[in-house]
Every structure is written in C-alpha cells, then in structure tokens.
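Single-letter residue listing:
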Amino acid sequence: MPDDADNQVRKESERLMAELPHPAPEPGQPKAAAESFCAVFDDRRVLKDIDLSIYPRERLAIIGPAASGKTTFLRCLNRLNDLEGNFSHSGRILLDGRDIYDKGMDVSILRRRLGMVYAVPTPLPWSIYDNIAFGPRISGQRSRSRLNEVVESSLVSAILWDEVKDRLREPATNLSGGQQQRLCLARVLALDPEVLLLDEPCSGLDPISTAKIEDALAELKRRYSIVLVTNNTKQAARASDRTAFFLMGEVVEVGTTAQVFTNPQHQRTIDYITGHFG
Amino acid sequence: MIIRPVTTHRIAVAALWTVTVLTIAVLLFIIAFILAQGAPHLSVEFFTSSPRSMGREGGVLPMIVGTLFVTGLAVAIAAPVGIGTAVYLTEYTRESRLTALIRFGADCLAGIPSIIFGLFGSVFFVITLGMGLSVLSGALTLAIMVLPTIIRTSEEAIRAVPRVYRDVSYGLGGTRWQMVTRVVLRSALPGIATGVVLSIGRSISETAALMLTAGSALGMPRSLLDSARTLSVHFYILSREGLSMPKAYASASVLIVAVLLINLLAYWSMRRFVAKVT
Amino acid sequence: MKLDKFIRVVLLLVALSGVSGLALMTAFIFKEGLPLMVRLGVADFIFSSQWYPSEGQFGIAPMIVGSLAVTAGAMVISLVFGLGCAILLTQFCPPRLATGVIKPCIELLAGIPSVVYGFVGVTILVPFIRDYLGGPGLSVLASSIVLGVMVLPTVTSISADALRAVPRSYREGSIALGATEWQTTHMVMLKAAMSGIVAAVILGMGRAVGETMAVIMVAGNPLAMPDSLLSPVRTLTSNIALEMSYAAGDHRKALFATGVTLFVIIMILNTIALAVSRRRARRAGL
C-alpha cells in the first residue's frame, strides 16, 4: 500500500511539473505576515498558531479540506471577522511591518489595502459602472473623469472591459456568473489595493471563466500580492507560486508550489493532494 | 340524488365570481355615488375660499390647509423618527430579547384603534402639556399613531436587503454609515416609501382622534397652536348636522380622490420594491 | 470613524425617543384607566350594564356586547366575501386579471376613509333596512355590513397570502387524482391554508373592534343592550368617541378604562394571531 501511494504521488507530481511554468517568488521582506496568530470564536479556536508570510508580487495558494480555517484566515487578514460579535484573537498579523490589530489602525483604510473577492459573485443591484465606482466613491473620489479612468482600468485588468465597455450603465445582474465574478475582481481593483484576497473565486464557474480569472491573476501578480484560497488542488498547482496547506486550523506545510506538489514533507499533505481525504 | 362533482364545481365557481363581482361593485358604487353627487359642486371657489354660515356655503380652504398642516407635521415627525428607529434596531444593535420586545410592541401598537391614540392625545398634549386643541396636538397624536407602522414597514424593508451587500460594502472599506445610506437604504427605499405613503393616507382619513386633539374650529389656522378642522372632520360634521348635503358630498369627493391618489402612489412604489428585489 | 460614532449616538437618541413615545402612550392609558377599574372592581366594570356617568355608575357590559355583536356580524360578512375573493384570486382567476384588476380594487377598498363608509351607510343602507326589514335602521345589521366591507381587504389579502403559500404539489397532486378544482380547493387547499386564514380572521376582528367613525354613524348609539339584529347598538369605541369631549373626573377615567379594555382585547387577538401563524410556520418546516 505505501508503495502504491508513493507511485501515485510520483505520477501526480510529474504531471503537475509539466504544468508549472512559474518561477519562484522573490525572497526578501514579506508584504504581510501572521505571527503565532490564533483566531477564537466564543471558546472555539478556529486558527491555531498560524505562522505564514505573504511576499510581494507572488500568488500564494491556500489549500485544505472544508472547515480547515482557510476562509477564516482570509477574513482575519482584512479584519472582516471583527464584524462577528464573538471573535477574539492572539498573536499578530503584520502588514508592512505593522500589526493590523493595532488600536490606531483605521479598519476602513486597511480593507481598501486588502481587497477581497468572495466565492459567490456578489454584484450590488446597480449598474456595472456604479458597482466599480462604489469603492472609489466611498473613499472620497468625486471627480467624474477620474472615476471613468478607474472604471476602465479596473475592467481592463480584470479582463472584462471588452465585453462590457458598451453597456456600462446596464444592471450588473444582467451579466453571466463568470462575468459577474470578474466584475467583483474589478470592483476590488478599483481601490488600488496592495494585496488581493480571493476566496474560492472560481467555484461554480465554467472552465472558460475560470481560465480568464487565472489569466488575470497571472498578470495582476506583477503589481499585487495575491492570496488565493481554493478547494481545487489542480487550480493551486497551475495558478500559484507558493502553496500553504491548512488542516484543522493549522498550517501543516508551506513552500513553493512545485515543492509542495512534487515533494511534500508531511504525510497529511500527501494524503490530501492525492485525494485520500478532503 | 347524487350531484356530480363537476356540477358542484361549476356552482362553486359561479358563487365565487358573484361574491367577487359584488365586492368590486360595492367599491365602484361608493366611489361613483360620492363623486356623482359631489363633483358638480366642486369649483375653484370651493377650493379657495373659507366656509360661511357654518359650512353651508363657501369653500373648504381652511380645511385643506388644516389637513396639510396636521398631516404634514405628523409625517415630518414620524418618518425620520420611525426610519431612524428601524435603522438603529436593525443595523446598530444585535438581535436580542430587547429588540424582539420592541418589535412585538410596535406590532401590537400598529393594531391599536386610533381612538385610543385620540384619548391619549386629548389629555396628554391638550391638557397636561397645555397645547390646547391645536394643530400641534393633532400632529403629535397622529405622529405617535403612525409611528409603529413606519417602524414596522421600514424594518421589514431593511431586513429584506441581502446580507451579502453589507459584507461587500465593508470589504471595500466602507464605514457602517456609508453602508447604511449608500447600500441598505438605497435598496430598501421603495418599501420604506410605501409605509410612509400609507401612513399619509391613514392620517388624512383620521377623524375621531383629530376632533379630540385638533378641535373643529372653522377658521384658517395661522399658527401651530391654532385649532384646525381637517377635511374629514369637516365632512363628518357637515353630514352629522345635516348642514349642507351638496357641500358634504363635495368635501367627501375631495377626500376620496386624495386618498385614492395616495394609495395609487403606494401601490406603484411597492411594485418597484418587488421588482427590485426579485 | 468619529463620524460613525457620532451617528450611532444620534440614532440611539432617535430610537429612544421613538420607543419611549410609544411606551409613554401605553403607560399613560393604563395609568389613567386602571386605577378606576380596580377601584370599582374589574368584574363590576365589565359585567354591569349600568352606564350612568352622572351618578358614578360605570358598567360597560352593553358596549362589550355591542362590540362583540357588531364584530361577529362583520366577520361573517368579511369571511364570506373576503375569503371568497381570496379563493377566486388564487385558485380560479386568470393571473393578469387578478393582479391587474381585482387585487387593486380590493386594496382601494381599504383606502376609502371610514367617514365615507359611514356616510354611505347612513344615506343608503340605513333607510333600506328601516324600510324593508323594520326597526330604526340604525342597527347591529347596518354596522355589521359596513364593518364587514371595511375589514374585507384585510381578510382577503392575508388569506390570499396563506393560499399562495400552499405548495404547488398539493394542488397538482389532487388534480392528478381526478378531483375537480373546486374539490381540490375545499378538500386540500383550504385545509392546508387554514391557520393562515384563521390568522386573517383574527386580524380582521382586531380591525373591526377598533373601528370608530363608521360605526358611530350607523349604529344608533343608545345606552342599552342590543337585543336583536335590528336594534341599535353602542360599541366600546363609539362610547369613547362620543363622550370624551365633555367627560371629566371619574367619567373621563372610566373612558380611559374602556380604552384599557380595548387595548387588552386587541393584545389578546394579536397574540393569538401571532401564535397561529408561528404554528403554521413551524408545521411548514420553516
């Protein structure tokens, strides 16, 4: 049995190696880092002693089975979990060296620096233009020409501009699922964030839309750090530079994607990647 | 004798149609009856002059002004307080026994007969607070009367806004107030407007409570502390005292047309609400 | 951030003023009326039929009977016509006719001011009853009919909601078994929607009990117990409206006590309606 498992891993990893064109990320100062971070809801510890760094201009994939804390971790990064009444934490999360849970930290500004895209497309019930312009407007941008520019550049970066440039005033709900999700990506880009947080953005999307989003991320990593939570190990393999494996609220393993998929260090990682559970 | 089911079916359907047609006939009859007798007596003089000889002659200008004063002031007080209360209860507090109690209280008070509000107003505002029979007493009484309804409809409209929209707004760095005004209230507006418009309709029709608080003076109200007679009170007194049937019918015509227009407005705004949500 | 805190405080004050206004009203009514009821003895107040304010006698039994009689009559009418309309709207009528014509008409009925209803009642219904059925015309019957029409829209809309909430599979299953639409309606749909219909009736009763102006105009308002459909009657609400303007001292307190009685009746009805619709929601597995 162990031999079979090893063979399986080797076959999988050879296949994946062929699909991995991306170089390793730049080393150096991390953009964001979690240090011994624990997330607690009521008395349940959902995240336990997370130590994880996110570097500039990289795509970090977070994989793991359901309920392993991936989404919770993402929501800790932009402090969305503060909205739950029973959330408390210990440890630190640093953004550019500063603890985001510091008393003096302005949460609104923080959330504009880390833009989040959700698993289900969430267009607001307005026009495409108003959806994208919403972020800049609430940060105080009033100039109509500036807003036009931002809307266009965001839609271009999200690979949606050509499809909607003639119908910016139409309701966003008229778009297909894949287009709506790219809209949500554009909406986040309009804030010119520094880190993109994506929570299973392609779940429920057709392969073409998924490919478009992955292409957009490949381009976007030139300007942003990207954290991509995904249930789909194959997506992690093809669309990320580093991968972290979460299990039951802990980081089991983290490393370059190539290394995690071809030479995982822990048995649980092997088991998950080869589909023994999940 | 056995009656075939098809026959009972036909009889039943015929009976149901009869009942419905009769109901609609009653509605049309009431409207036609009033308008037929009253419309001939409507004239520019009717709308622009004051009553003479206890209302046997002249017009209803003071009554129209009185109605506008009382209703306008009542809604100007009740709408912001009611909507503000609903916003606070739904967006700024957590669901608790206290909020459930307040909701139950508002529900009950929405069903309390208007005469009881009149009872309260006629002692508390008129006597205890010394405002006398006045526009102010009437308006405050009406405001308390429609407040529960406005709180209830506003709350329902706000709760109907999908939770996701709030998450999106926070995720893009919005403050709570920005989320409430730009996202929640914008979506809930038709539902809230319906509640307010219906309250206006109810205020215009109100008679007994106003007689006890705003009085029934025939003169033009010139200040908040003047007693005023609203159109429905005028109509009631005219018909009860038998002073002038033509004038009574004319007043009733104005009342009916005003209230029907308001109900139409509410209906139209409600349909917009349903269209937006579905 | 500071703006947010400021707004939160402002909204809290607004909410407090709204809530305390309502609480004040409730407390005031009870404070003015309850002591008298207790002093006279609650049972005496409710069951005595001697209402002679000048002699300090306050018994509201005739008014309670009056309200009950008039409400019962109104519910019969609104049930027959209101439920009938609801059944037609949801089961037998083409949808465009239903939402485009019939439903708006019924909602317009709800918009007509009560004084207009009373007026039409006095001008047309009362003479009709007097001439063809006897009695003074101002009667329980006249009040019931007028109230029934006024309450009808409430019964119709809530019953229609209840009927629409019945799963389609019930109806389709019954028809598939060969039942006619009417059989389906009275054997399946009505039973399934029953708690909603009961809630509609109870809420309608609440409206009927609370109506004042229309009833004053067609009921006659004597101080005696009504003894037949055609005899005149005085309801609790009419009592308050008619006497409030000149009542003083204990008399006024007695009117407040009448208000307390009304309050309690409506609260009971509302609670029952709430319990009934909760039971329906639980049964439907919501």
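The structure we're discussing is the one just above.
What counts as what
- Residues numbered from 1 in each chain as written.
- Chains lettered and ligands numbered in written order.
- Predicted model: local features only at pLDDT ≥ 70, side-chain atom pairs only at ≥ 80, totals over all residues.
- Pairing = 2+ DSSP bridges.
- Helix = DSSP H or I, 4+ residues; strand = E, 2+ residues; numbered from the N terminus.
- Axes fitted to C-alpha atoms, helices over the stretch in contact; angles between N-to-C directions.
- Contact = placed C-beta atoms within 7 Å.
- Buried ≥ 20, exposed ≤ 12 C-beta atoms within 10 Å, placed from the backbone.

Lay out the sheet that holds strand β3 (residues 59-63) of chain A with the relevant residues and their values.
Sheets are built from strands that pair by backbone hydrogen bonding, the pairs being arranged parallel or antiparallel. Residue and element names in this part refer to chain A. On the basis of which strands lie adjacent, the open sheet formed by six strands has the order β6-β7-β8-β3-β9-β10 and mixed pairing. With partners counted over all chains shown, the strands left at the sheet margins are β6 (114-117) and β10 (250-256), one partner each. Going across the sheet, the axis of each strand differs from the next one's by a mean of 15°, ignoring polarity. Note: β3 against strand β8 (residues 225-229), four bridges, orientation parallel. Pairing of Ala61 across the sheet is with Leu228, part of β8. Running over the sheet, helix α7 (residues 177-189) touches β6 and β7 (195-199) and is turned about 170° from β6.

Explain the sheet that holds strand β4 (residues 87-95) of chain A to me, using residue names and the numbers behind them.
Residue and element names in this part refer to chain A. Read across the open sheet, the four strands follow the order β2-β1-β4-β5; overall the sheet is antiparallel. Two strands in the sheet have a free side with no partner beyond their single neighbour: β2 (44-54) and β5 (98-99). One ladder, built from eight bridges, connects strand β1 (residues 32-41) with β4; its direction is antiparallel. Note that in β4 the partner of Ala33 across the bridge is Leu94. Seen against the sheet, helix α2 (residues 70-77) touches β1, β2 and β4 and runs at an angle of roughly 65° to β2.

Describe in detail the environment of Ile265 of chain C, supporting the description with residues and values.
Residue and element names in this part refer to chain C. Tracing the chain through its elements places Ile265 in helix α12 (residues 250-283). On the basis of neighbour count, Ile265 is assigned to the buried category, with 20 C-beta atoms found within 10 Å. With 11 residues separating them along the chain, Ile265 and Val276 place their C-alpha atoms 17 Å apart.

Give a detailed account of the pairing of β3 of chain A, specifying residues and quantitative values.
Residues and elements named next belong to chain A. Counted residue by residue, β3 has five buried out of five residues, so it is predominantly covered. Residues Arg59, Ala61 and Ile63 of β3 are buried on one face, and the alternating residues Leu60 and Ile62, pointing to the opposite face, are buried as well. Relative to strand β9 (residues 242-247), β3 runs parallel, the two being bridged by four bridges. The partner of Leu60 across the bridge, within β9, is Arg242.

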